[in-house]
Amino acid sequence: MLIDGRQMHIQIKKGDIGRYVILPGDPARCEKIARYFDEPQQLAQNREYTLWTGSLDGVPVAVCSTGIGGPSAAIAMEELVECGADTFIRVGTSGGIVDEVKGGDIVIATSAIRQEGTSREYLPIEFPAAASFDIVLALKQAAEKLGYPHHVGVVQSKDSFYGEIRPALMPIADELTAKWKAWKAAGALTSEMESAALMIVAQVLHVRCGAVLNVLWNADNDDAPAIPPDAAERGVRAAVEAIRILIREDRAKA
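To start, this report covers the structure provided alongside it. All figures in this text were calculated on a predicted structure; none of them were measured in a lab.

1. Some points on the environment of Glu192
Part 1: Here Glu192 shows up in strand S11 (residues 190-192).
Part 2: For Glu192, a relative accessible area of 1% translates into the label buried.
Part 3: Distance from Glu192 to Ile68, taken between C-alpha atoms, is 9.8 Å for residues 124 residues apart in sequence.
Part 4: At 2.8 Å, the side chain of Glu192 and the side chain of Arg90 are in polar contact.

Given below as structure tokens:
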């Protein structure tokens with residue numbers, strides 16, 4: 001929806017950005033991510049949406065924050081697509097589920113458990129929230145090149161942060177605990193709040209979307225090792241390198 005020619009929430013217009021966009025949750029991270037771009041500049045800031053642009057290998061790129069959770073993330077993607085973007089990589093933080101996922105690792109999502117509400121207003125729950133294969137592959141190649149400990153697989157997306165952190169205090173504690181045990185038994189890697197919604201919106205809009213998640217801790221492992229100092233940057237660097245890979249591949253296809 002346009003107001004004075006600009007998108008209502010992200011406050012930019014068609015042509016302001018290129019096709020490649022990194023999506024962190026935290027607005028404060030946008031400037032830090034934009035430092036990896038050539039000639040970065042802030043383009044807009046409104047509500048939870050901060051947007052910077054720049055270039056990688058001579059191609060326009062952008063970073064736009066989404067805030068916390070699916071509703072605001074979906075709005076960001078809807079409006080970014082209206083402005084010309086078609087390739088998205090979510091970069092976020094998460095808590096490991098299976099024991100082998102530790103603080104300092106990164107997780108590359110192949111798909112996301114839809115334990116949230118936003119995606120249900122786009123597609124029935126039977127439709128899977130799946131990442132675009134070429135983005136998954138680019139992120140894996142990037143993680144290998146950078147030498148980061150990484151895992152590739154299913155993640156869990158939920159709406160309630162504290163429903164994960166302290167489920168025993170919730171009236172539906174039994175349900176939350178039973179589902180967590182099911183996700184873990186099935187091998188879900190890590191828990192976060194936006195990937196499922198973004199993947200489903202991307203599917204509906206016929207654009208590409210993937211996610212790389214920095215693991216801050218393992219939710220069930222009190223003996224997790226100390227987090228490396230650069231842990232919060234690992235997902236960002238992997239996303240930037242993955243976009244470079246995608247740019248090369250897209251150029252070769254053109």
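2. Here we look at the pattern of salt bridges
Part 1: Evaluation of the coordinates by the stated rule reveals 17 salt bridges.
Part 2: Residues Asp57 and Arg244 are paired through a salt bridge, measuring 2.6 Å at the closest nitrogen-oxygen approach. With Asp57 in the loop between strand S5 (49-56) and strand S6 (59-64) and Arg244 in helix H7 (residues 231-253), this residue pair connects regions lying 187 residues apart in the sequence.
Part 3: Taking relative accessible area as the criterion, Arg244 reaches 22% and is therefore assigned partly exposed.
Part 4: Here the salt bridges share partners, and the residues they tie into one network are Arg19, Asp86, Asp134, Arg208 and Asp250.

3. Side note on the side chain of Thr118
Part 1: Checked against the element boundaries, Thr118 lands in the loop between strand S8 (106-115) and strand S9 (129-130).
Part 2: Residue classification places Thr118 among the buried residues on the basis of a relative accessible area of 13%.
Part 3: Residues contacting Thr118, with those up to four places away along its chain left out, are Gly70, Pro71, Ala74 and Ala197.

4. Overview of the environment of Ala178
Part 1: For Ala178, the position within the fold is in helix H5 (residues 173-186).
Part 2: You can call Ala178 partly exposed: its relative accessible area is 45%.
Part 3: In sequence terms Ala178 and Pro27 are 151 residues apart; their C-alpha atoms lie 34 Å from each other.

Thresholds applied
- Residues numbered from 1 in each chain as written.
- Predicted model: local features only at pLDDT ≥ 70, side-chain atom pairs only at ≥ 80, totals over all residues.
- Heavy atoms only, no water.
- Helix = DSSP H or I, 4+ residues; strand = E, 2+ residues; numbered from the N terminus.
- Buried < 20%, exposed > 50% of the residue type's maximum accessible area, 1.4 Å probe, protein only.
- Polar contact = N/O pair within 3.5 Å; in protein donor to acceptor, adjacent residues only side chain to side chain.
- Salt bridge = Lys/Arg side-chain N within 4 Å of Asp/Glu carboxyl O.
- Contact = heavy atoms within 4.5 Å.

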